[in-house]
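What follows is each chain in one-letter form.
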Amino acid sequence: MDLELKGKRAIVTGGSRGIGKAIARQLALEGADVVIAARTRKQLEQTADELSKETGRRVIPVVADTGDDASVERLIAATVAELSGVDILVNNAAVPGGISPATRLDQIVSDEVLEDVNIKVVGYLRTARAAAPHLVANGWGRIINIGGLAVRKAGRPVASLRNVGVATITKNLADELGPKGVNVTVVHPGATRTEGTDPALEATYASAVSIGRIVDAEEVAWVVAFLASPKSVSINGDAIATGGGSVGAIYY
């Protein structure tokens, strides 16, 4: 299937490693030029160089902090300057698993909660707010928000909170921007194999996955690439789980 992504212009936040890197790679393999954003310059530049050489597309590193309004505005301005516009925004910048490790009420630290929400939920709103005028001006665009399956499971209240927040803003943005040609969706990965995954923990994670193993970051990226394409027009405002299936759970 031709995803019709050749020549499209994408931003992937949190794109220097992990799921974000895999998404940037897949978009570039499909023919898009990609700006990857993260806070650490050295890793960002290494990833951009690696992906550009592999895919033959422009992969441009831009240092940005999605927790800061001015930094996000500079990210969008830099993208437009480099690529003459933007068509696709993948919001992925967040601390994997979240800042707060709390599993009980008495473990919750307010500053950790606020920082988690600022980076992941408000951060996604910042980038969407800055990018949306360009997508609307195109008459076409895609915003894909990366959430997490903690949205569907109790046990880590702050992790659930931030992912529910991502799902909520996704639906609101979809209703507002859909009539203007911009589809907005949320992808919820589960435990995902990346360069940072501890192999010793994979079996533990896999016991809760109905395909019998954890999903690879590349396999999440395939889904995101489809959602970023014109072929995904029938999906708007909805959540797609990419965790390999949760054992025992029924969602409808």
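Everything below is about the structure shown above.
Structural notes, computed from the coordinates. (Residues numbered from 1 in each chain as written. Predicted model: local features only at pLDDT ≥ 70, side-chain atom pairs only at ≥ 80, totals over all residues. Heavy atoms only, no water.)

### Section: the nonpolar core
Judged by nonpolar contacts, the single largest core of 38 residues is most densely connected at I23, L27, V34, V90 and I144. Counting 23 residues, the second-largest nonpolar core is a separate cluster that includes A37, I76, A132 and L177. (Core = buried A, V, L, I, M, F, W, Y, C linked by side-chain atoms within 4.5 Å. Buried < 20%, exposed > 50% of the residue type's maximum accessible area, 1.4 Å probe, protein only.)

### Comments concerning helix 2 (residues 41-55)
Spanning 15 residues, helix 2 covers 21 Å between terminal C-alpha atoms, matching the ideal 21 Å at 1.5 Å per step. Check the buried side of helix 2 and you find it contacts helix 1 (18-29), strand 2 (33-38) and strand 3 (59-63). G56, located one to two residues past helix 2, shows a positive phi value of around 75°. (Helix = DSSP H or I, 4+ residues; strand = E, 2+ residues; numbered from the N terminus. Expected span 1.5 Å × (residues − 1). Contact = heavy atoms within 4.5 Å.)

### Some thoughts on the environment of G56
Secondary-structure assignment places G56 in the loop between helix 2 and strand 3. A residue is classified by how much of its surface remains accessible, and G56, at 62% relative accessible area, is exposed. Sequence-wise, G56 and A28 are 28 residues apart; in three dimensions their C-alpha atoms are separated by 7.9 Å.

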